[in-house]
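Take a look at the letters that make up each chain.
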Amino acid sequence: MPFRVLCGQFAHETNVFARIPTTVADFRAYVGAVGGENVRRAFAQSNLEINGIERKAAQYGWALTHTVAAWATPSGLVQRAVWDTFALPILQELERSRPDGVILALHGAMAMEDDPDAEGTLLAEIRARIGPDVPVAITLDLHANVTEAMARHASIICAYRTYPHIDQAATAERAADILERAMRGEVRPRVHLARRPMLIGLDEGRTTTANPMTELLARADAIERERPDVLCISIQSGFAAADFPEVGPTVCVTGDGARADCQAIAEAFMDHAWETRHFDSVRYLSLDEAIAEARLILAKPGRGPVVIADYADNPGAGAYGDSTFLLKAMIAHGVANAALGALIDPVGAAQLIAAGEGAEITLEIGGRIEPEYGPPLRVTGTVLKVTDGTYVASGPRWRGTTHRLGPTAVLRVGGVDVVVASNRLQCTELEVFGHAGIDPRMLDVVAVKSMQHFRAAYEPIARAVLICDSGAFASPDVRQIPYRHVRRPIYPLDLD
């Protein structure tokens, strides 16, 4: 008899300080939210966890039951209706199918309106239904805030090992391999968790440069090769825009049974995270510095655009994507042969679409949610293109998935083509511009609203990458965040 395995994907990175709540509509508007056997068809060409699970199910001959596949752009607290729509079907299917194993793709930083540890609660609910012996494997984003409840109720934890995240399917395959061994009775996986008094660390999990994160990942690979009893080592840099005692970096060692030596590995890794807590590989530029440096770079021989990343207005961290600070600076400095994407403003997009392609229009764009992070900007320009904002991603991050920016228009203001969109979406793909008739390869300057994920698609075409702290909502300085519930003392709020 084949093993019966239940799988699902339910993920959100919740910025609890963001003003806009996360709704069912947000999940449906992103890359879709589907259930049952529709999951297999919806993501057949993607690099997502579901496909990694599918490949392993075929290899091992599992009888796989799909539940849901749903996630949304990071934003504010998740409404209870989201849980009812996407978590309850997972729990209900558990009771019907009585699986031999469970594998779920989670994020690890989802916070509900009434529950700061939504994934810990979900796993506890699963355990209550299947008992202590059925193995449960979960995959996590490496920005997870892993809690005691998550470590207690999951048998196996496997986090991404890349940032930008391009190993989603591979991570699911690693988790599935361990799950298969657990269902066969070859191993009895248990999770060992360690943390330190830190809100941030491990260079925010970046894996595009040599840093404490990549050092620990290399050590993890070596230990897993040498120690058959160490099934998986997962390193999470945490997500600081949460406000509860268990926020921050963690290390999870999934061992064959409860083992003091596995706990010792987790503690040693966290010692390294603590000792290197001040390391930051990014040089954050002001608006004026970024534009001045871009001009210096462009004055020298080279090919490809200078990419300026608006770190602080990254929707992928829960920012609103509507800050106008960078756009205003680009216009004021006369930046030409340039584009910015995407400025999230459904009101402005609707006005541009109503005006139509070729129209000259004066209007205010951006700054709709919290104007102190970049107020509405009055501009005059020409509407170049109107689209429905839909494209299929081709970059390493989201390859094969359909993205929906919603009603979208391109407005040329001076020398800058601005992609004005309706749905909040981090700019990770070249198609943010390409679907609207803009080839970023042919530009001198490309401004993207992203912190790090843009690198997967944009670094290969860029002559240089600059990181700008524009002063928008997601500033890199966590000391500005009004925490109320984190454990104290903690770095960097209280400790050096």
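This report concerns the structure included in the present document. Here the residue index of a chain counts from 1 through its sequence in written order. The predicted nature of this model means local features are confined to residues of pLDDT at least 70 and side-chain atom pairs, given and counted, to a pLDDT of 80 or more, with totals for whole chains, interfaces and linings taken over all residues. Hydrogen atoms and water are omitted, and side-chain values are computed over all heavy atoms in the structure.

1. Notes on the pattern of salt bridges
A carboxyl oxygen of Asp or Glu within 4 Å of a side-chain nitrogen of Lys or Arg is what we treat as a salt bridge. Across all of its chains, the model carries 32 salt bridges by this definition. With a closest N to O distance of 2.8 Å, Arg129 and Glu125 form a salt bridge. With Arg129 and Glu125 both in helix α5 (residues 118-130) and 4 residues apart, this pair spans about one turn of that helix. By relative accessible area, which is 32% here, Arg129 ends up partly exposed. Between Arg479 and Asp477 there is a salt bridge whose closest N-O contact spans 3.0 Å. What you see here is one network of salt bridges that share partners, running through Asp203, Glu204, Arg206 and Asp280. Starting at the N terminus, helices and strands are each numbered in turn, a helix being any DSSP run of H or I of at least four residues and a strand any DSSP run of E of at least two. For every residue, the accessible area obtained with a 1.4 Å probe (protein chains only) is divided by the maximum for its type, and the residue is called buried under 20%, exposed over 50%, and partly exposed between those limits.

2. Digging into the sheet that holds strand β9 (residues 250-256)
Only when DSSP finds a minimum of two bridges between them are two strands counted as paired. The strand order across the open sheet formed by 3 strands is β7-β9-β8, and the pairing between neighbours is antiparallel. The open sheet has two edge strands with one neighbour each: β7 (189-195) and β8 (230-236). Adjacent strand axes in the sheet meet at a mean angle of 15°, parallel and antiparallel pairs treated alike. With 6 bridges joining them, β8 and β9 adopt antiparallel strand pairing. If you follow Ser234 over to β9, its bridge partner there is Cys252. Contact definition: two residues touch when any of their heavy atoms are within 4.5 Å. Axes, fitted as lines to C-alpha atoms, cover a helix only where it is in contact. Angles between the N-to-C directions of the axes lie from 0 to 180 degrees. Here helix α9 (residues 260-275) sits on the sheet and contacts β7, β8 and β9; the angle it forms with β7, its principal contact strand, is near 30°.

3. As for the packing of aromatic side chains
Note on aromatic pairs: the rings of Phe, Tyr and Trp (six-membered ring only in Trp) are paired at centre separations within 6.5 Å, and the planes decide the class, stacked below 30 degrees, edge-to-face beyond 60, tilted for the rest. Tallied over the entire structure, the rule returns 10 aromatic pairs. Here the aromatic rings of Phe433 and Tyr458 are separated by 6.5 Å at their centres, their planes lie at 80°, and the arrangement is edge-to-face. Taken together, the residues Phe433 in helix α13 (residues 431-434) and Tyr458 in helix α14 (residues 455-458) connect sequence positions 25 residues apart. Of the two residues, Phe433 and Tyr458, neither departs from the other in class, the shared state being buried. Clustering of aromatic rings is evident, with ring pairs tying together Phe10, Phe27 and Phe86. Either the NZ atom of lysine or the CZ atom of arginine qualifies as a charge over a ring when it sits within 6 Å of the ring centre and within 35 degrees of the ring normal. The ring of Tyr491 has Arg277 lying over it, and the distance from NZ or CZ to the ring centre is 5.7 Å.

4. Some thoughts on the sheet that holds strand β19 (residues 445-448)
A sheet is described by the order of its strands in space; here 9 strands give the open sequence β10-β20-β11-β19-β12-β18-β17-β14-β13, paired in mixed fashion. Every other strand in the sheet has two partners, leaving β10 (284-285) and β13 (360-365) as the edge strands with one partner each. Bridging between strand β11 (residues 306-310) and β19 involves 4 bridges; their strand directions are parallel. Bridging from a neighbouring strand, Val306 pairs with Val445 of β19. Across the sheet, helix α12 (residues 346-355) touches β12 (338-344), β13, β14 (377-387), β17 (408-413) and β18 (416-421), and the angle it forms with β13 is around 170°.

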